[in-house]
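Survey of secondary and tertiary structure
So you can see what is in the structure, the chains are spelled out below.
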Amino acid sequence: MRMNLWNETRGIPISRTMVWEAYKKVKANKGSAGVDLVSMEDFETNRSQYLYKLWNRMSSGSYFPPPVKQVEIKKKDGRMRKLGIPTISDRIGQMVVKDFIEPRMEKEFSPNSYGYRPNKNAHQALSFVRENCRRTDWVIDLDIKGFFDNIDHDKLMLAVTKHVPEKWVRMYIERWLEMPVQLKSGELVVKQGKGTPQGGVISPLLANLYLHYTLDKWLEKTDPTVKFARYADDAIIHCRSKGHAEYILNKLDTRVKACGLELHPEKTKIVYCKDYRRKGKYPIVKFDFLSYTFQPRSTKSKRGSHMFLGFDCAISISSRKRLADKLEELNIVKLTFKSIVGIAQYLNPKIEGWINYYGKFRKSELTKVFKLLQNRLIRWARQRYKRYKTSLNRAFKWYARIREQFPYLFYHWRVGYSC
């Protein structure tokens, strides 16, 4: 990149280094093109020009973000989630501002907020919930309906102003909030004072700020005895009793409405953490959080000498189905690799990702997924090799032989899965 074209700063204190560092993060995150149809490969071919143009406009205050491209992805329940994809240049611009203000926000945020934060992750949130489900009998499984679509811009900017005295930062945040959305048809939809698109670089930080005041700080002031874990707009709140949970949920309903939001009437519920000690009979004894299901489960004692009923988490049925659907989508039987080694190299990054996330707790629950994978690999062999087409038994023996001779070929074999 021709850095000598750039002065260090212009009227607004955005340096070339800030833009360059933001660019490197956006490039690492990858992602598709926005409304300008410029892919990361296209961007790379004229990187100096794109970055200089962005820096020049942002540092002079003349940068206005283009519309956000709307795409849809399928949610766990089969419905569609709308995502907003900014252009690559705009993602870099958002990253500049995010990097500038995030350190000060981090000093304010609750340790119980785990989503989209540096050094925080979903497994930490799950561990926190596991621990507290053992200590308290009840939880509120909280879900905010259409959260990103309903963030009130005026209320959000009040929170931003509290922590961001720099006018130029607030100016750009307001411009990003006001960005129209371009639908698949090409129609532009202008926002009416609320909503921030999922998919934007700065959106998660702004969402965390909004919920910091809507939920986290409010909970800490209303009842300091309550333990909770929040990941974006999903939260689990631990309560001492059913009455305590009902009281907190009623107050929460009023609170989120005052902040322009609404609790999801079907997904928000009070759950009894039933186990061998807690034998009450209540209709709801399980909940999903971060693609894991918490429910009563048979559990081995620490010494492994006996079984007891615990309350613990494992990959949810809907998540397991998504992995099975992904295997179907990969169409392993039709893969044209010359040997099983090629298939292993192709699949291992995906398998490693599944195990790293879903195998953190009760990893044996993934066995059913790998059983499906085994069946597809055997079907591939029967398609590929004539000697196995007429004998399923011989194909199974082939698979067992490969498994024995090359125990580290597939990632799940390396970490102890037998199928």
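Below or above, wherever it landed, is the structure these notes cover. (Residues numbered from 1 in each chain as written. Predicted model: local features only at pLDDT ≥ 70, side-chain atom pairs only at ≥ 80, totals over all residues. Heavy atoms only, no water.)

Turning our attention to the sheet that holds strand 7 (residues 234–239). Pairing within the open sheet is antiparallel, and its four strands lie in the order 6-7-3-8. For this open sheet the edge positions go to strand 6 (227–231) and strand 8 (269–272), each flanked by a neighbour on one side alone. When strand polarity is set aside, the average angle formed by the axes of neighbouring strands in this sheet is 20 degrees. Bridging between strand 3 (residues 138–143) and strand 7 involves six bridges; their strand directions are antiparallel. Each residue of the ladder has a partner; that of Asp143, found in strand 7, is Asp234. Packing of helix 5 (residues 122–135) onto the sheet brings it into contact with strand 3, strand 6 and strand 7, and relative to strand 6 it is tilted by some 155 degrees. (Pairing = 2+ DSSP bridges. Helix = DSSP H or I, 4+ residues; strand = E, 2+ residues; numbered from the N terminus. Axes fitted to C-alpha atoms, helices over the stretch in contact; angles between N-to-C directions. Contact = heavy atoms within 4.5 Å.)

Opposite charge on two side chains makes pairing possible when the charged atoms of those side chains draw close. Enumeration over the complete set of coordinates arrives at 21 salt bridges. The shortest N-O distance in the salt bridge between Arg278 and Asp275 comes to 3.3 Å. Owing to a relative accessible area of 6%, Arg278 belongs among the buried residues under this scheme. Look at Asp275 and you get buried, because its relative accessible area is 5%. It is possible to trace a salt-bridge network through shared partners that takes in Asp137, Asp275, Arg277 and Arg278. (Salt bridge = Lys/Arg side-chain N within 4 Å of Asp/Glu carboxyl O. Buried < 20%, exposed > 50% of the residue type's maximum accessible area, 1.4 Å probe, protein only.)

Below, the discussion takes up the sheet that holds strand 1 (residues 68–74). The strand order across the open sheet built from four strands is 2-1-4-5, with neighbouring strands paired in mixed fashion. Across the chains shown, the open sheet's two edge strands, defined by having one partner strand only, are strand 2 (80–85) and strand 5 (188–189). Pairing of strand 1 with strand 4 (residues 181–182) involves two bridges; the strand directions are parallel. Across the sheet, the residue bridging to Lys69 is Gln182, located in strand 4.

What follows covers the environment of Ser89. Along the chain, Ser89 turns up in helix 4 (residues 88–108). Looking at Ser89, the relative accessible area reads 16%, which means it is buried. Put simply, Ser89 and Arg79 are 10 residues apart on the chain and 30 Å apart in space, counted from C-alpha to C-alpha. Apart from the residues within four sequence positions on either side, Ser89 is in contact with Phe43, Tyr50, Leu54 and Tyr63.

Now for unusual backbone geometry. When glycine is set aside, most residues are seen to have a negative phi, and most peptide bonds are trans. Of note, Tyr116 is a non-glycine position whose phi angle comes to about 55 degrees, a positive value. In this fold, Tyr116 is placed in the loop between helix 4 and helix 5. In this structure Tyr116 comes out as partly exposed when scored by relative accessible area, which is 47%. We note that Ala232 has phi near 55 degrees; this positive angle belongs to a residue other than glycine.

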